[in-house]
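An overview of the molecular structure
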Amino acid sequence: MSLCFDLGEEQLMVRDGVRKLLARFAPRRRELRQAMYRREFPTELWAAVADAGFMGAMIPEAYGGTNMGIMSMVFLSEEMAAFGVSHPLFALTSMDALCIVRGASEEMKRAWLPEIAAGRRKLAFAVTEADAGTNTFRISTMAKRDGDSFLLTGEKQWITAADCADYILVVARTTSRHDCDALGLPRAHGLTLFLVDPRAEGVTLTPMATGSIEGARQFTVTFDNARVPAENIIGEVDQGALPLFLALNPERILIAATIVGVTEYCLEIACDYARERKVFRNAPIGSYQAIQHPLAQVKIQQEATRLMTWRAATSFDRGDDLAQTGVWSNMAKYMASDLGVFAVDRTIQTLGGNGFDQEIGVIQLWEGMRLFKTAPISNEMILNFLAEQTLGLPRSY
Amino acid sequence: MKILATVKRVFDTDGKPKLTADAKLDVSSIDCKLNPFDEYGVEEAVRLQEKGIATEVVICCVGPEEAQKEMRTALAMGGDRGLLVKVDNTESLDTLSIAKILAAVVKKEKPDLVILGKLSTDSENNQVGQMLAELTGYPQATFAFKLTPDAAGGWAIVGREVDGGTSDVKVKLPAVITADLRLNEPRYASLPGIMKAKKKPLEITTPEALGVSVKPAIVGIGYELPPARKAGIKVASVAELVDKLKNEAKVIS
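Residues numbered from 1 in each chain as written. Chains lettered and ligands numbered in written order. Predicted model: local features only at pLDDT ≥ 70, side-chain atom pairs only at ≥ 80, totals over all residues. Heavy atoms only, no water.

Structural notes on the overall build of chain A
When you go through chain A residue by residue, the secondary structure sums to 13 helices and eight strands. Relative to the globule expectation of 21 Å for 397 residues, the C-alpha radius of gyration of chain A, 21 Å, shows essentially globular dimensions. Referenced to the eigenvectors of the C-alpha coordinate spread, the extents of chain A come out at roughly 80 × 50 × 45 Å. Within chain A, buried positions represent 55% of all 397 residues. A total accessible area of about 17300 Å² is found for chain A, and carbon and sulfur atoms account for 51% of it. Positive and negative side-chain charges of chain A, numbering 40 and 47 respectively, have mean locations separated by a distance of 5 Å. (Helix = DSSP H or I, 4+ residues; strand = E, 2+ residues; numbered from the N terminus. Rg over C-alpha atoms; globule rule 2.2 N^0.38 Å. Buried < 20%, exposed > 50% of the residue type's maximum accessible area, 1.4 Å probe, protein only. Areas by Shrake-Rupley, 256 points an atom, 1.4 Å probe, with all protein chains shown as cover. Lys, Arg positive; Asp, Glu negative; His and termini not counted. Charge placed at Lys NZ, Arg CZ, Asp CG, Glu CD.)

Here is the structure:
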């Protein structure tokens, strides 16, 4: 196991490419940002990112991708967030695509992956339910076979950007927990992954009362005998747990990368302001240690989190085992979630009352950054996992 | 039609060079990148290939071994193959040396069009294209903002940026073109482009192998920083400003 890594020539070219791509949008940065706070989907940015091949970064060449790895998506997530514009569907689509790469039949890969790589299919992700948050095995959305299709019944919550997605990856039970227990099957058995058209009959999206989180809405998604063709199942019936769990580390890595980028954005605003703003005499407030020291601390945490994120991404790309990549990915997400809250907090404090002016656009970051201490996995569950995995301490739950 | 597009590895102009005690430039901490003006030249060549006008695009560089990175960046935009004329001591490369090496490459490759950036952002000499035209005997059209080749007729119409406006010239092929900023908007490398670039052939040769010996006519002897600017003063009125410009600075009469 190598502790260190260098960015290769190609990775540097990818990062340079992302920066040039975003530079094209620079004259409209403010406009794009305001659209994001109105929770409009960034259609043009999506098209440019897809044209540059990023939606195929984690898809093999045989299916229209480049297989360049998650590091490309890390650069994309970080640079977009630093630019001030991002959207959760970039990461969610990549993560769902990975479930297909790892779990789907050859036929399904050929049908879906080239479309995703070309940016023509945006995918959301639905696992959480009112009674099943951290413990995925408790989900009760059921799918029953009916001829060549399945009928889904149940309710998902906290489904991000379900309204913008072409399909939602829905985790449903095809064997109930009760039946698993009765048959003595492991609790991971009976989960099946479906790709569901959110516009299909029997599917209802109800917006939840959340603020703007990365420019997206959250939904309750209700299935009332929603018919899904059997060909939309990723892999085997009842065997969805493994491809599902393989996609969770990438989600954590890309969230960490996004937070590192949001921190860059915050530092840009905070430092620009601190260099100009004068309150007493002729000294800019940035010369006061009460202002500059916390910002320097943000910088330290950002750099450490970036390194941990790159380490996790490198581990994923070189195919380390799931638990090892999980350790780095969870550490990165944990560090990042603290960083995000700290960065926004110190930026608001630097800006004084202006920190609360929605025109300036920092206060809107608060809700999204705070969310990452809670989701997609709570920091307490990360600590449980790390205590068990890295310290050999007994499991408490 | 075959196009030779040249690229140069230059220091990032955002970097800050340091001066050593013996008045040399220390650029060790500065990143290198593809000369921005060359990106316009490569882009134009790639577009002509995409339109089916160019049949082959060769990316050529005179520079150190490390310049393969910048060549791959250009190859990620497009083009078929790379040719690096390796010169490790880039200090020895003045504009005439580079032009002589490129002339030897032209003799070997026989392109119908040679497209260079109008200048490189490190030395800003703006000479290589013109010298290459002289050495090869090809017509030249510098500072191009528009390029319309007529391969079958053996001509190209080139719109040039000149003092006070633009002018169109018709040059006989083969010709040397230097690219200006308004020629196009260079693409950024896509992920598939980067993957393809990895697999494109990149030949490495030397000036000696091309029959050229590099003896620079111009050698950098020493460098110094420009004198620090003195603080300005504020004038109270326009009349005072005019007076000072007239009588102190003596820049108006």
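Things to note about unusual backbone geometry
Here the bond from Ala375(A) into Pro376(A) is cis, since omega is 0°, no more than 30 degrees from zero. Along the chain, Pro376(A) turns up in the loop between α12 (363–371) and α13 (379–391). Backbone torsion omega between Leu173(B) and Pro174(B) reads 0°, so that peptide bond is classified as cis. Mapping Pro174(B) onto the fold places it in the loop between β11 (165–172) and β12 (175–179). Here Arg281(A), not a glycine, exhibits a phi torsion of approximately 45°, which is positive. Within the element layout of this structure, Arg281(A) appears in the loop between α9 (248–276) and α10 (289–317).

Details of the sheet that holds strand β7 (residues 81–86) of chain B
Residues and elements named next belong to chain B. Spatial ordering of the open sheet is given by β11-β10-β9-β12-β8-β1-β6-β7-β13, a layout of nine strands whose pairing is mixed. For this open sheet the edge positions go to β11 and β13 (202–205), each flanked by a neighbour on one side alone. Neighbour to neighbour, the strand axes of the sheet diverge by 30° on average, direction disregarded. Where β7 lies against β13, four bridges are found, and the strand directions are parallel. Its bridge partner lying in β13, Leu83 is registered against Glu203. Along the sheet face, helix α4 (residues 128–136) touches β8 (113–117), β9 (140–150) and β12 and points at about 180° away from the line of β12. (Pairing = 2+ DSSP bridges. Axes fitted to C-alpha atoms, helices over the stretch in contact; angles between N-to-C directions. Contact = heavy atoms within 4.5 Å.)

Points about the environment of Lys33(B)
With respect to the helices and strands, Lys33(B) occurs in strand β5 (residues 32–34). With sequence-adjacent residues up to four places away left out, Lys33(B) is seen in contact with Lys8(B), Arg9(B), Val10(B), Asp12(B) and Glu70(B).

Digging into the domain arrangement of chain A
Residues and elements named next belong to chain A. Per the domain assignment, the segments of chain A are domain 1 (9–117), domain 2 (123–239) and domain 3 (247–391). For domain 1 and domain 3, the distance between their C-alpha centroids amounts to 21 Å. Taken together, the contact between domain 1 and domain 3 spans 27 residues of the former and 24 residues of the latter. Inspection of the region where domain 1 meets domain 3 yields three salt bridges. Glu268 is paired through a salt bridge with Arg29; the nearest N and O atoms lie 3.1 Å apart. Summed over the shared surface of domain 1 and domain 3, the result is nine residue pairs in polar contact (both at pLDDT 80 or more). Its residues assigned to classes, the side of domain 1 that touches domain 3 comprises 16 nonpolar, five polar and six charged. (Domains from an automatic or database assignment. Salt bridge = Lys/Arg side-chain N within 4 Å of Asp/Glu carboxyl O. Polar contact = N/O pair within 3.5 Å; in protein donor to acceptor, adjacent residues only side chain to side chain. Nonpolar A, V, L, I, M, F, W, Y, C, P; charged D, E, K, R; others polar.)

So, the interface of chain A and chain B
Listed as interface residues are 18 residues of chain A and, on the opposing side, 17 residues of chain B. Buried area between chain A and chain B, both sides added, is near 1600 Å², and the carbon and sulfur share of it is 68%. Linking chain A with chain B are four salt bridges, by the criterion used here. With its nearest N and O atoms 3.5 Å apart, the salt bridge here joins Glu10(A) to Lys198(B). Counting every contact that joins chain A to chain B gives five residue pairs in polar contact (both at pLDDT 80 or more). Sorting elements by how many residues they give to the side of chain A that touches chain B places helix α1 (residues 9–25) of chain A first, with eight residues. (Buried area = accessible area lost by both parts, 1.4 Å probe.)

Focus on helix α3 (residues 95–109) of chain B
All names here are of chain B. With 15 residues, α3 extends 21 Å between its outermost C-alpha atoms, agreeing within 8% with the 21 Å of an ideal straight helix rising 1.5 Å per residue. Burial analysis of α3 places 11 of its 15 residues in the buried class, the great majority of the element. Thr95, Ser97, Ile98, Ala99, Ile101, Leu102, Ala103, Ala104, Val105, Val106 and Glu109 are the residues of α3 that are buried. Lining the buried residues of α3 we find β1 (2–7), β6 (56–63), β7, β8 and α4. Lys110, located one to two residues past α3, shows a positive phi value of around 50°. (Expected span 1.5 Å × (residues − 1).)

Points about the nonpolar core
Grouped together as the largest cluster of nonpolar side chains are 169 residues, with contacts concentrated most on Leu152(A) and Leu113(B). Looking at this core element by element, the count peaks at 16 residues for α9(A). If we skip the residues at most four places from it in the chain, Leu113(B) touches Met1(B), Lys2(B), Ile3(B), Leu4(B), Leu48(B), Leu147(B), Pro149(B), Leu173(B), Ala175(B) and Ile177(B). Counting 25 residues, the second-largest nonpolar core is a separate cluster that includes Leu93(B), Val106(B), Ala133(B) and Leu210(B). (Core = buried A, V, L, I, M, F, W, Y, C linked by side-chain atoms within 4.5 Å.)

Examining the pattern of salt bridges
Scanning the model with the defined rule gives 42 salt bridges over all chains in all. Between Arg187(B) and Glu43(B) there is a salt bridge; the shortest N-O distance is 2.9 Å. With Arg187(B) in the loop between β12 and α5 (191–199) and Glu43(B) in helix α1 (residues 36–50), this residue pair connects regions lying 144 residues apart in the sequence. Classification of Arg187(B) as partly exposed rests on a relative accessible area of 24%. A salt bridge links Asp180(B) to Lys118(B), with the shortest nitrogen-to-oxygen separation between them at 3.2 Å. Here the residue Asp180(B) occupies a position in the loop between β12 and α5, and Lys118(B) occupies one in the loop between β8 and α4, the gap between them amounting to 62 residues. We classify Asp180(B) as buried; its relative accessible area is 4%. The structure contains a network of salt bridges with shared partners spanning Glu78(A), Glu264(A), Glu303(A) and Arg306(A).

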